[in-house]
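# Report on the structure
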Amino acid sequence: MTAEQWVEQFAKEAGADSPSRDEFDEVLKLAAEAAHSSERTSAPLACWIAGKTGKPLAELVSIAERIGG
């Protein structure tokens, strides 16, 4: 099972829309920035926080990049 297939199935069972290709890429950018500028455990937590904010992913990636310096 690919990552895309897993995410699609998870979204379906969770009652949510699957991310678009652009959203998928932006979430991965956010996770990478969090993981590379801190501890790896920051990645899933940053994505969880991002989901709760409702803000555009591009804005959140910019915030993460600024924090990461």
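Rules of the game
- Residues numbered from 1 in each chain as written.
- Predicted model: local features only at pLDDT ≥ 70, side-chain atom pairs only at ≥ 80, totals over all residues.
- Heavy atoms only, no water.
- Helix = DSSP H or I, 4+ residues; strand = E, 2+ residues; numbered from the N terminus.
- Rg over C-alpha atoms; globule rule 2.2 N^0.38 Å.
- Buried < 20%, exposed > 50% of the residue type's maximum accessible area, 1.4 Å probe, protein only.
- Contact = heavy atoms within 4.5 Å.
- Areas by Shrake-Rupley, 256 points an atom, 1.4 Å probe, with all protein chains shown as cover.
- Lys, Arg positive; Asp, Glu negative; His and termini not counted.
- Charge placed at Lys NZ, Arg CZ, Asp CG, Glu CD.
- Core = buried A, V, L, I, M, F, W, Y, C linked by side-chain atoms within 4.5 Å.
- Polar contact = N/O pair within 3.5 Å; in protein donor to acceptor, adjacent residues only side chain to side chain.
- Axes fitted to C-alpha atoms, helices over the stretch in contact; angles between N-to-C directions.
- Parallel < 35°, antiparallel > 145°, perpendicular 65-115°, else oblique.
- Left-handed = near helix turned anticlockwise from the far one by under 90°.
- Nonpolar A, V, L, I, M, F, W, Y, C, P; charged D, E, K, R; others polar.

In terms of helices and strands, the protein carries 4 helices and 0 strands. Counted from the first residue to the last, the protein has its helices and strands arranged as α-α-α-α. A compact globule built from 69 residues would reach a C-alpha radius of gyration of about 11 Å, and the protein, at 12 Å, matches this within 12%. Reported as C-alpha extents along the three principal axes, the dimensions of the protein are approximately 35 × 25 × 20 Å. Here the protein holds 69 residues, and 19% of them are scored as buried. In the protein, once contacts between residues fewer than 6 apart in sequence are set aside, the share between residues at least 24 apart is 38%. Carbon and sulfur atoms make up 56% of the accessible area of the protein, which totals about 5300 Å². Of the charged side chains in the protein, 7 are positive and 12 negative; the average position of the first set lies 5 Å away from that of the second.

Another point: the nonpolar core. Residues Leu30, Ala34, Ala46, Ala50, Leu60, Val61 and Ala64 constitute the largest nonpolar core, which totals 7 residues. Mapped onto this core, the elements with two or more residues apiece are α2 (21-37), α3 (42-53) and α4 (57-68). Considering every element that reaches this core, the biggest residue donor is α4, with 3 residues. Leave out the neighbours within four places in its chain, and Val61 touches Glu26, Lys29 and Leu30.

A word on the environment of Arg21. Here Arg21 is to be found in helix α2. Separated by 11 residues in the primary sequence, Arg21 and Phe10 place their C-alpha atoms 16 Å from one another. Among the polar contacts made by the side chain of Arg21, one reaches the side chain of Asp25 at a distance of 2.8 Å.

The interhelical angle for the contact between α2 and α4, taken along N-to-C directions, is 15 degrees, at an axis separation of 9 Å. On the basis of their axis angle, the class for α2 and α4 is roughly parallel. When you trace α2 past α4, the crossing you get is left-handed. Judged by residue contacts, Glu23, Glu26, Val27, Lys29, Leu30, Glu33 and Ser37 of α2 engage Leu57, Ala58, Leu60, Val61, Ala64, Glu65 and Gly68 from α4. Of the residues that constitute the contact of α2 with α4, the class distribution is 7 nonpolar, 2 polar and 5 charged.

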